[in-house]
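An overview of the molecular structure
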Amino acid sequence: MRGIRLLQGLVLLCILMVPILIILFLKTFGNNQYEIPVLFENGIDNQFMECDVEENVQHTIPEFSFTSQDGIPTGRAEMEGKITIVDFFFTSCPSICPVMSTEMERVDDVFRGEDRVQIYSISIDPEYDSPEVLKEYAERHNASPGKWFFLTGDQQETFNLARCGFLLPALDGKGVPDDFVHSDKFVIVDEQGRIRGFYSGTTREDVDLLILETKILLYGKK
């Protein structure tokens, strides 16, 4: 009988200790934070000297200014103080661009009410993609005015910006849609112009991760 009471007491003690142990666990291990890395802190690989960049310093997006679908100059200066999600595309693209633009619609919807987030979709076919063409494309994809900018500019500057600024491949198709080469990646650039991540714009799971990590940059530890 005495042994049974002792056992019951031990069981009761264990039950009472559970909340205390949970609290101690949370205090010890619950402070972990999901940190988004800052990429290219020591510069970029420029072994062929194609890019005009400083060596061994934090890589940031260089200065540029293109024209938006509304005919407004938009570029690096307008990125300051905002998180900018960037992709390269062209409106006559027969392959990955429609999927990328559809996925970017989801990003636009999520951050529609957040002034600190904007989107740049930069055309690699400026000869065809005039502001008028881009405006029709923007309307087709329900782009938020003043948030999702479709940009067009000098072609050589565009390709240099893709390769040396955003570190993405880009090749001129000479007017033939199937011959253009560009990346499917979406890029997060923070308020200081630093690249924080690359995500496949054709993969829903990757875009979900981009949305999550953008929210962490907005509201969590940077």
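Reference entry: report on the structure contained in this document. (Residues numbered from 1 in each chain as written. Predicted model: local features only at pLDDT ≥ 70, side-chain atom pairs only at ≥ 80, totals over all residues. Heavy atoms only, no water.)

Here we take up the overall build of the chain. Within the chain, the secondary structure is distributed over five helices and nine strands. In sequence order, the secondary structure elements of the chain are arranged as α-β-β-β-α-β-α-β-α-β-β-β-β-α. (Helix = DSSP H or I, 4+ residues; strand = E, 2+ residues; numbered from the N terminus.)

Right, let's talk about unusual backbone geometry for a bit. Phi at phenylalanine 40 takes a positive value of approximately 60 degrees, unusual for a residue other than glycine. Relative to the elements of secondary structure, phenylalanine 40 occurs in the loop between α1 (2–29) and β1 (65–67). Overall, the relative accessible area of 28% leaves phenylalanine 40 in the partly exposed class. A positive phi angle, close to 60 degrees, is found at leucine 167, a residue other than glycine. Checked against the element boundaries, leucine 167 lands in the loop between α4 (155–165) and β6 (170–171). Look at leucine 167 and you get partly exposed, because its relative accessible area is 24%. (Buried < 20%, exposed > 50% of the residue type's maximum accessible area, 1.4 Å probe, protein only.)

Here we come to the side chain of serine 68. Following the sequence through the fold, serine 68 ends up in the loop between β1 and β2 (73–75). With relative accessibility at 1%, the residue serine 68 sits in the buried group. The contact partners of serine 68, leaving out residues within four places of it in the chain, are Thr74, Pro131, Phe149, Phe150 and Leu151. (Contact = heavy atoms within 4.5 Å.)

If you look at the biggest cluster of nonpolar residues, it comprises 48 residues, and the most contacted ones within it are Ile85, Phe88, Val107, Ile122 and Phe166. Ranked by residue count, the leading element in this core is helix α5 (residues 204–219), at six residues. Among all residues touching phenylalanine 166, those that are not within four sequence positions of it are Ile61, Val86, Phe88, Ile122, Leu161, Val187, Val189, Ile195 and Phe198. (Core = buried A, V, L, I, M, F, W, Y, C linked by side-chain atoms within 4.5 Å.)

Turning to α4, its buried residues are Thr158, Phe159, Leu161, Ala162, Cys164 and Gly165. Capping of α4 at its N-terminal end is provided by aspartate 154; its side-chain oxygen lies 3.2 Å from the backbone amide nitrogen of glutamine 156. One or two positions beyond α4, positive phi appears at leucine 167, with a value near 60 degrees. (Polar contact = N/O pair within 3.5 Å; in protein donor to acceptor, adjacent residues only side chain to side chain.)

Here we take up the sheet that holds strand β4 (residues 117–123). Strand order in the open sheet formed by five strands is β5-β4-β3-β8-β9, with mixed pairing between adjacent strands. Each edge of the open sheet carries a strand with a single partner, namely β5 (148–151) and β9 (195–200). On average, adjacent strands in this sheet sit at an angle of 20 degrees to one another, irrespective of strand direction. In terms of strand pairing, β4 meets β5 through four bridges, oriented parallel. (Pairing = 2+ DSSP bridges. Axes fitted to C-alpha atoms, helices over the stretch in contact; angles between N-to-C directions.)

Turning to a nonpolar patch on the surface, a few remarks are in order. Nonpolar side chains collect at one region of the surface, where Tyr34, Leu209 and Leu212 lie side by side and expose about 260 Å² of accessible area between them. Summarising the element assignment, tyrosine 34 is placed in the loop between α1 and β1. (Patch = residues over 30% accessible without salt bridge, like charges linked within 9 Å, V, L, I, M, F, W, Y side chains within 5 Å. Areas by Shrake-Rupley, 256 points an atom, 1.4 Å probe, with all protein chains shown as cover. Salt bridge = Lys/Arg side-chain N within 4 Å of Asp/Glu carboxyl O.)

Remember, this is a structural readout, not a statement about activity or role.
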